[in-house]
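# Close look at the chain arrangement
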Amino acid sequence: MAKASVSMVKVSDVYESFKESLRLSNGLAGFNIADKILIKPNIVSWDFELPFPPYGVVTTSAVISALVKILSEYGFKNLTIGEGSLPKLRTTGDAVYGALGYKKLQERYGVKLVDFNQGEFVSTDYGEGFKLDLAKEALEADKIINVPVLKTHSQAKVSLGIKNLKGCLSKKSKQYCHGLGDEELSLTFPRIIEKLPVALTIIDGLYTLEKGPGPTGKAFKKGLIIASSDPFACDLVGAAILGYPAKEVPHLTNYANSHGYSLELSDYEVIGESIEDHQKFVEHDFDWSEDNTGPSGFKKRGITGLAIRKYDSSLCTGCSVQYNPMLILISSAFKGLPFPNVEVVSGKQQLASKGFENSILFGKCACHLNKNNPNLKKAIPLWGCPPDLEKMVEKLAKEGLECDYNEYVRFRHYLFDRYKGKEGFNLADWSVE
Ligand code: SF4
């Protein structure tokens, strides 16, 4: 049997490198000129209110624009860009597409722009009672070109092509994928692809991200494009570049086992750049105290009287994106004195423990789960799916925990400013010339 092949190209000029990557991977073989093609970027989140560094978080417009241009030159006319960003986004996908320059692609090439969250979802049966609501636009495409980012993920270790398809799900199905138990996430979302016509995966590796998937992670310049018509092979190589053998990534292992794939790199052909020349380990997870009372940094700052239980895989992306800001806000309430014996739980399976004066229940799932928990002395429920940060500050203030929202604003500026003037970091990569 022929080995599945993956092309890896070092980017000089994005358009030229992209063409080269398609040539090496023979990525458009099997495409028909009349195909209805859906391009699926990764726009996990965006923010118009506070500075948002997209490096390693969001697929670059430079890559999307090069792809659209090349497809148009080949004569493909029926092109759609579709994504279902976090429902938390106050602005619709339309405004995000404007910010990313996609409207220009619409004007120039007639590309249709679709926000899955505003469209229809179709309940799709995967067998044995497993159902997911998939975006109709994704199901009705003849071919999907999946364009994820080369990044790590604090829960899934890596977030590449297979994971990027989660953006095709309704909010309810996205939450369903983060079910109960540590195994659930890595078993459910790799199945999304089974019903979607993914014909080509192109990993945008212009930047990469440590401790992703959001902008609280740290980005690095990478300058790679990885492409394959085999979605698993592409992810396996992407994971290897980030320093994660596929056998150490549960969702890749599960996918390989259920689809008869080998987990060994040597069973795949890599054309172009070599893995060894670009492989560099990128951390995916945050350091936590051994006694599970909070991020390691909290101990170093001398914060006591507070036990923040580490997020688990049942925490969906909505709450995950708010989790780091929640940590910043709670730490801003530290004025040198111990916290009044506070525990924070989150997600769908963390039960508040005995012996705490105050139990903060972060998100509606934790609120529901702990409703009748006899361990609770005083519950501080932060409802919301995910909870709103400003409301959280108000609520905690009523309970005597004075968080400083400006601390969070400063943190956001810090995240953005740390890339300013840094060689190789260019915000123009998220615009279309
Ligand atoms: S509250 Fe959080 S964990 Fe629960 S469904 Fe909403 S986003 Fe997911």
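Described in the following lines is the structure provided in the data block.

Here is what the cut-offs are and how they apply
Residues numbered from 1 in each chain as written. Predicted model: local features only at pLDDT ≥ 70, side-chain atom pairs only at ≥ 80, totals over all residues. Helix = DSSP H or I, 4+ residues; strand = E, 2+ residues; numbered from the N terminus. Rg over C-alpha atoms; globule rule 2.2 N^0.38 Å. Buried ≥ 20, exposed ≤ 12 C-beta atoms within 10 Å, placed from the backbone. Contact = placed C-beta atoms within 7 Å. Axes fitted to C-alpha atoms, helices over the stretch in contact; angles between N-to-C directions. Left-handed = near helix turned anticlockwise from the far one by under 90°. Nonpolar A, V, L, I, M, F, W, Y, C, P; charged D, E, K, R; others polar. Pairing = 2+ DSSP bridges. Parallel < 35°, antiparallel > 145°, perpendicular 65-115°, else oblique.

Another point: the overall build of the protein chain. For the protein chain, the count of helices and strands is 16 helices and 16 strands. Over its C-alpha trace the protein chain gives a radius of gyration of 22 Å, about what one expects of a compact globule, namely 22 Å for 433 residues. Dimensions along the principal axes, computed over C-alpha positions, put the protein chain at roughly 65 × 50 × 40 Å. Looking at the protein chain residue by residue over its 433 residues, the buried ones come to 50%.

Attention now moves to the environment of Pro387. Position of Pro387 among the secondary structure elements: in the loop between β16 (379-382) and α15 (389-398). Remark: the alpha-carbon pair of Pro387 and Tyr323, spanning 64 residues in sequence, is separated by 9.5 Å. Those residues in contact with Pro387 that lie beyond four places of it in its chain are Gln322, Phe362, Gly363, Leu382 and Met392.

With that out of the way, let us pick up the packing of helix α13 (residues 317-332) against α15. It is at 11 Å that the axes of α13 and α15 come closest, and there the two elements cross at 35 degrees. Considering only the axes of α13 and α15, their crossing is right-handed. Where α13 approaches α15, its residues Gln322, Pro325, Met326 and Leu329 are matched on the opposing element by Leu389, Met392 and Val393. Of the residues belonging to the contact of α13 with α15, the class tally is six nonpolar, one polar and no charged.

This paragraph deals with the sheet that holds strand β14 (residues 342-346). The parallel open sheet is built from four strands, whose spatial order is β13-β14-β15-β16. Pairing within the sheet leaves two strands with one partner each, and these edge strands are β13 (306-308) and β16. Put simply, the sheet's adjacent strands are angled 15 degrees from each other on average, direction ignored.

With that settled, consider the packing of helix α9 (residues 231-241) against helix α10 (residues 250-259). α10 packs onto α9 with a crossing angle of 150 degrees between their chain directions and a minimal axis gap of 11 Å. It follows from the interaxial angle that α9 and α10 lie roughly antiparallel. As α9 packs across α10, the resulting crossing turns out to be left-handed. Contacts between α9 and α10 involve Phe232, Asp235, Leu236 and Ala239 from the former and Leu252, Tyr255, Ala256 and His259 from the latter. Each residue belonging to the contact of α9 with α10 can be placed in one class, and the counts come to six nonpolar, one polar and one charged.

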